[in-house]
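So you can see what is in the structure, the chains are spelled out below.
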Amino acid sequence: MPIYTCTTARGTLRPEDKAALAAEVTRIHSTVNHVPSTYINVVFNELPTEDVYTDGRPARPLIINGWVRSGHPDDETSRLVTEVAEAATRVTGIPAERVLVVIGNSPARFAIEGGRVLPDPGQEQAWLAGKI
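Residues numbered from 1 in each chain as written. Predicted model: local features only at pLDDT ≥ 70, side-chain atom pairs only at ≥ 80, totals over all residues. Heavy atoms only, no water.

- As annotated in an unreviewed UniProt entry, the chain carries the name Tautomerase and is attributed to Mycolicibacterium moriokaense.

Brief notes about the UniProt feature "domain: Tautomerase cis-CaaD-like" (unreviewed entry) in the chain
Item 1. The UniProt feature table records "domain: Tautomerase cis-CaaD-like" (unreviewed entry) at residues 1-127.
Item 2. Each end of residues 1-127 is marked by a C-alpha atom, and these two atoms are 12 Å apart; helix forms 33% of the span and strand 30%. (UniProt positions renumbered as here; feature names shortened; annotations may be inferred. Helix = DSSP H or I, 4+ residues; strand = E, 2+ residues; numbered from the N terminus.)

Some points on the packing of aromatic side chains
Item 1. According to the stated counting rule, one finds 1 aromatic pair in the structure shown.
Item 2. Ring geometry for Y39 against W127: centres 5.5 Å apart, planes inclined by 75°, an arrangement best described as edge-to-face. Within this pair, whereas Y39 is found in the loop between helix 1 (15-33) and strand 2 (41-47), its partner W127 is found in helix 3 (residues 124-128), the two being separated by 88 residues in sequence.
Item 3. Relative accessible area serves as the criterion here: at 22%, Y39 is assigned to the partly exposed category.
Item 4. On the accessibility criterion, W127 (3% relative accessible area) is buried. (Phe/Tyr/Trp six-rings, centres within 6.5 Å; stacked < 30°, edge-to-face > 60°. Buried < 20%, exposed > 50% of the residue type's maximum accessible area, 1.4 Å probe, protein only.)

Right, dumping it as structure tokens:
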């Protein structure tokens, strides 16, 4: 259901950093938004170093864009973004000042997974059981 795209300059993260960060993002999202981890996607996008800039200068930030379904309480989304940012620094060693986490959302009906329109938050179990 959710998608997290982690963008960095090539060579910023080691394979083991990626695996650990993917596991932490999955755990955090599953816990905060009360969804099965099976449907949480984490993708890494590495760009050439000459394609990543901050303040108009070449940089090596870690940018995490997450997409979730609309309808989650604001306090849960704030907790989600905070915990993902903290985990990114803890797992990768990238300073918090170089980590940007943004959570965007849209209605569940705007996405399909497994050939089915996604359920609204709170309807996951019925959706998994094929009842909606």
